[in-house]
Amino acid sequence: MTQELLDTMPALRIGRPLVVAIDGPSGSGKSSVSKEVARRLRLAYLDTGAMYRALTWFCVNEGIDLDDAAAVEQAARDLVLELSTSPLEEYVRVDGVDVTDAIREPAISSAVSAVATTLGARTELIRRQRELIEKHHRRMVVEGRDITTVVAPGAEVRMLLTASEEARLRRRGIQLGGTQNAEQLAAQVTHRDAKDSSVVNFTKAASGVVTLDSSDLDFDQTVAAALVIVTKVLNRD
């Protein structure tokens, strides 16, 4: 697909559900790729990782002990969250406070796994994610770690976007503008993946999930490959 064709893709399955579920490890590029896929397909977009980060920010801001599972679960229910579902803009607000940049700070990145592995909190955020999918008439690109298997196992297209550890560390370092050293990058990427994998499998594709390895692809090539997968899966149906 050429860039021109990608930019002029017609909307698919108009008036019918089209959920594109994309899972993947940290630094695989799933957020930026998913957002662009949503833009090209004229679908809503949901970054579920931002929800876990927002909850982590809320817990830290409220002084909640992240090891207290009951308190974190209650915080998930209390969380007043506004999250952009448009691929054309980005904002995250907690109780009216703009935390779009704050949730990407290293302190939140290093703490988010404690929240993401709290099963009660996870259950509440999954409930909210499913609610948002329905709100958008099941026309949405949803990305995270358990979307293809837990949040939206019935999605029309299910994809695992992965990349080598070397590629993921390099991309995350570029994304953060070189502000993190090697140890900090490892904590944000490989260490977090190891912790999160205790509650969800996002390293191997489940049955019916198509794997896209972007290790040797640039951003545009990865987007193009993802769109090819979408069209092939839909044509197969």
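Residues numbered from 1 in each chain as written. Predicted model: local features only at pLDDT ≥ 70, side-chain atom pairs only at ≥ 80, totals over all residues. Heavy atoms only, no water.

Engineer: Give a description of the overall build of the protein that names residues and reports values.
Structural biologist: Within the protein one finds 10 helices and 8 strands. When burial is assessed residue by residue, the protein has 51% of its 237 residues classed as buried. A separation of at least 24 residues holds for 77% of the contacts in the protein among residues at least 6 apart in sequence. For the protein, the computed accessible surface area is about 11200 Å², with 50% contributed by carbon and sulfur atoms. (Helix = DSSP H or I, 4+ residues; strand = E, 2+ residues; numbered from the N terminus. Buried < 20%, exposed > 50% of the residue type's maximum accessible area, 1.4 Å probe, protein only. Contact = heavy atoms within 4.5 Å. Areas by Shrake-Rupley, 256 points an atom, 1.4 Å probe, with all protein chains shown as cover.)

Engineer: So what's going on with the pattern of salt bridges? Which residues, and what values?
Structural biologist: Within the structure shown, the criterion is met by 11 salt bridges. With a closest N to O distance of 3.8 Å, E90 and K35 form a salt bridge. Linking E90 in the loop between β3 (81-83) and β4 (92-94) with K35 in helix α2 (residues 30-41), this pair joins segments that are 55 residues apart in sequence. For K35, a relative accessible area of 24% gives the class partly exposed. Between R127 and E124 there is a salt bridge; the shortest N-O distance is 2.8 Å. Placement of the pair is R127 and E124 together in helix α6 (residues 119-135), with a separation of 3 residues, close to one helical turn. Here the salt bridges do not stand alone but share partners, grouping E124, R127, R128 and E131 into one network. (Salt bridge = Lys/Arg side-chain N within 4 Å of Asp/Glu carboxyl O.)

Engineer: How would you summarise the packing of helix α4 (residues 69-78) against α6 if you had to cite specific residues and measurements?
Structural biologist: Look at α4 against α6: their axes get within 7 Å of each other, and the N-to-C directions meet at 15°. As judged from the angle between their axes, α4 and α6 are roughly parallel. Relative to α6, α4 is oriented so that their crossing is left-handed. Across the interface between the two elements, V72, E73, A76 and R77 from α4 touch G120, A121, E124 and R128 from α6. (Axes fitted to C-alpha atoms, helices over the stretch in contact; angles between N-to-C directions. Parallel < 35°, antiparallel > 145°, perpendicular 65-115°, else oblique. Left-handed = near helix turned anticlockwise from the far one by under 90°.)

Engineer: How would you sum up the UniProt feature "binding site: ATP" (unreviewed entry) in the protein? Please name residues and give values.
Structural biologist: According to UniProt, the "binding site: ATP" (unreviewed entry) feature falls on G24, P25, S26, G27, S28, G29, K30, S31 and S32. Within the secondary structure layout, S28 lies in the loop between β1 (18-23) and α2. Taking the relative accessible area as the measure of exposure, S28 reaches 1% and is therefore buried. Reaching out from S28, the side chain makes a polar contact with the backbone oxygen of P25 at a distance of 2.8 Å. Along the chain, the position of S32 falls in helix α2. Accessibility expressed as a relative area gives 39% for S32, which makes it partly exposed. (UniProt positions renumbered as here; feature names shortened; annotations may be inferred. Polar contact = N/O pair within 3.5 Å; in protein donor to acceptor, adjacent residues only side chain to side chain.)

Engineer: Any chance you could break down helix α3 (residues 48-62) for me, citing the residues and the numbers?
Structural biologist: An ideal rise of 1.5 Å per residue puts 21 Å on 15 residues; α3 measures up with 21 Å between its terminal C-alpha atoms. Where burial is concerned, most of α3 is hidden: 12 out of the 15 residues are buried. At the N-terminal end of α3, a side-chain oxygen is found 3.0 Å from the backbone nitrogen of G49, two or three residues along, and the residue is D47. Just past α3, the residue G63 takes up positive phi, approximately 70°. (Expected span 1.5 Å × (residues − 1).)

Engineer: Explain unusual backbone geometry to me, using residue names and the numbers behind them.
Structural biologist: Positive phi, normally seen in glycine, also occurs at H137, with a value near 55°. By secondary structure assignment, the location of H137 is in the loop between α6 and β6 (139-144). On the basis of relative accessibility, which here comes to 64%, the residue H137 falls in the exposed class. If you check the backbone angles, R138 has positive phi at about 55° while not being a glycine. As for its position among the elements, R138 is in the loop between α6 and β6. Of the residues examined, R138 reaches a relative accessible area of 23% and is grouped as partly exposed.

Engineer: Help me get a handle on the sheet that holds β4, residues and values and all.
Structural biologist: Judged by pairing direction, the sheet is antiparallel, and its 3 strands sit side by side in the order β3-β4-β5 without closing on themselves. Because the sheet does not close on itself, it has two edges, and the strands there are β3 and β5 (97-98). In the packing of α3 onto the sheet, contacts are made with β3, β4 and β5, and the angle to β4 comes to roughly 35°. (Pairing = 2+ DSSP bridges.)

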